[in-house]
Amino acid sequence: MLEERGPTSQELGLELLGLSLMILVGKVLGDVTEKYGYGRITGELLGGMIMGPFALGGIINGLLNVKLFYLGSEVLFLSQLSVIFLVFASGLEHGSAPLRRAGAWGALGAIMGALVPFALIVAIRDYLSLNLDVSMIVGSALAPTSLAVVSGSLQSARANGKWADFLLSASAIDDVVSLILLSIAFGVSESHGTTLVGVIKVVAFYSVAWIIIFVTSIKVVPFLTSRVGGQYILEMSLVVLFGIIVIMQALGFSPIIAAFIAGVSLSEFSGSQRLQEFSRSFLLVFGSIFFVVVGAEFDLATMGLTGLLASLIMIAAALIGKLAGVLPFAYAMTRNGKESVLAGTGMEPRGEVGLAIASAALQLGFIDQRCYSALTLSLMLTTILGLIAYSRAIRML
């Protein structure tokens, strides 16, 4: 049997040139959107949307009669590798400290802040024309707050106090909750466990398996890594990363979930500072690839009026659900109405984890292009609206 022919060296060169141009435009727009308080991710997504094959890039391809802006298997591979390292770096930098520091109110705020929008999406799935399996994946993508956006917002505002501690800790923990929800959603989709008993079994399996793997990793990985010479620590971290990915994929977990656990487990190692410097250097070059490719995969033509309406409903459910889930616990911790509202609005921006879930679901065939485009638009607009609400709330404090 003949193997499928890959791209020629010239075709590959054109693809990489197109990707480089998308990254450049994304970086420039990222500087602009960050300057005006809408986050760098928004600009990078817009860069991909504008220069992608479904927009201006497609027009340029037609005029030049070449596949310059083209999402071939090589570009998609680089995007998948980019998001693995992105989530790995997030776990590595923040570690398990937020889990310990949040306390009961922060943990409950994170859990309910993820569960309520997830449950809302599942409850209104008929209005979105989604079945149970797909609605759970969409809900998982809309559940997590962007830790990168929250960290940047707190740093730029030089914020401190109980509400700031709550916001930072809860935004880190709700990533964990959302990734567990994603595992459950993928498990239900693959097992077709639409009965109540089937869903309960899948929930129990993935929740218990996730916790066991997480606890085992943060105990075993630092011990093994400490036995490796310092000159091999970078290579060992890659072995840990892709080793955990292989093990968890065999159990039905997504690679991005495994990447997060690998990062957290390596953060417990005494030499993690060197790994953090390595990951930051790597992401300076490759970190934008994922976001511009996610934007380039957006196809407005496939959405139509139905898709646009679905996106608006998703946005409303995401914003209302997050605030409703977070607000009571933020107030319980701060005992201050304005500060609790500030913490709640600060949790609204979505970002890297939600986009990673959307991209993984599309490439694995769990959602179609229409659903993906509606979901991507929802994530981007939720981030923008959340940042606007947060900036107004902080001026009122």
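Data block above holds the structure.
A short tour of the structure in this document, coming up. Worth saying up front: this structure is predicted, and the values here are computed from it rather than measured.

A tally of regular secondary structure across the chain gives 17 helices and zero strands. The 397 residues of the chain split such that 53% are buried. Only carbon and sulfur atoms are counted for the fraction: they give 67% of the accessible area of the chain, which is about 17,400 Å².

Our next topic: the packing of aromatic side chains. Scanning the entire structure with this criterion turns up three aromatic pairs. Centroid distance F85 to F242: 6.4 Å. Interplanar angle 80°. Geometry classified as edge-to-face. Pair noted here: F85 is in helix α4 (residues 73–94) and F242 is in helix α11 (residues 233–250), with a separation of 157 residues, a long-range link. Relative to F329, the ring of W105 lies with its centre 6.3 Å away and its plane at 35°, an arrangement referred to as tilted. One end of the pair, W105, is in helix α6 (residues 103–123); the other, F329, is in helix α14 (residues 300–334), and 224 residues separate them in sequence. On the accessibility criterion, F329 (18% relative accessible area) is buried. The cationic tip of K67 hangs over the ring face of Y70; the distance from NZ or CZ to the ring centre is 4.6 Å.

One can describe the packing of α11 onto helix α12 (residues 255–267) by two numbers: an axis separation of 8 Å at closest approach and a directional angle of 140°. Classified by the angle their axes make, α11 and α12 are oblique. Considering how the two elements wind past one another, α11 and α12 form a crossing that is right-handed. Contact residues: α11 offers S237, V240, L241, I244, I245, M248 and Q249, while α12 offers P255, I257, A258, A259, I261, A262, S265 and L266. When its residues are assigned to classes, the contact of α11 with α12 shows twelve nonpolar, three polar and no charged.

Bringing the packing of α6 against helix α7 (residues 132–142) into the picture now. At a minimum axis separation of 8 Å, α6 and α7 run at an interaxial angle of 150°. On the basis of the axis angle, α6 is roughly antiparallel to α7. When the axes of α6 and α7 are compared, the crossing they make is right-handed. Across the interface between the two elements, P117, F118, I121 and V122 from α6 touch L132, S135, M136, V138, G139, S140 and L142 from α7. Broken down by class, the residue content of the contact of α6 with α7 amounts to eight nonpolar, three polar and no charged.

Once that is clear, we can look at helix α1 (residues 9–35). Compared with an ideal rise of 1.5 Å per residue, which puts 27 residues at 39 Å, α1 spans 39 Å between its outermost C-alpha atoms and is within 8% of the ideal. Within the sequence span of α1, burial applies to E15, G18, L19, M22, I23, G26, G30 and T33.

How each quantity is defined
- Residues numbered from 1 in each chain as written.
- Predicted model: local features only at pLDDT ≥ 70, side-chain atom pairs only at ≥ 80, totals over all residues.
- Heavy atoms only, no water.
- Helix = DSSP H or I, 4+ residues; strand = E, 2+ residues; numbered from the N terminus.
- Buried < 20%, exposed > 50% of the residue type's maximum accessible area, 1.4 Å probe, protein only.
- Areas by Shrake-Rupley, 256 points an atom, 1.4 Å probe, with all protein chains shown as cover.
- Phe/Tyr/Trp six-rings, centres within 6.5 Å; stacked < 30°, edge-to-face > 60°.
- Lys NZ or Arg CZ within 6 Å of the ring centre and 35° of its normal.
- Axes fitted to C-alpha atoms, helices over the stretch in contact; angles between N-to-C directions.
- Parallel < 35°, antiparallel > 145°, perpendicular 65-115°, else oblique.
- Left-handed = near helix turned anticlockwise from the far one by under 90°.
- Contact = heavy atoms within 4.5 Å.
- Nonpolar A, V, L, I, M, F, W, Y, C, P; charged D, E, K, R; others polar.
- Expected span 1.5 Å × (residues − 1).

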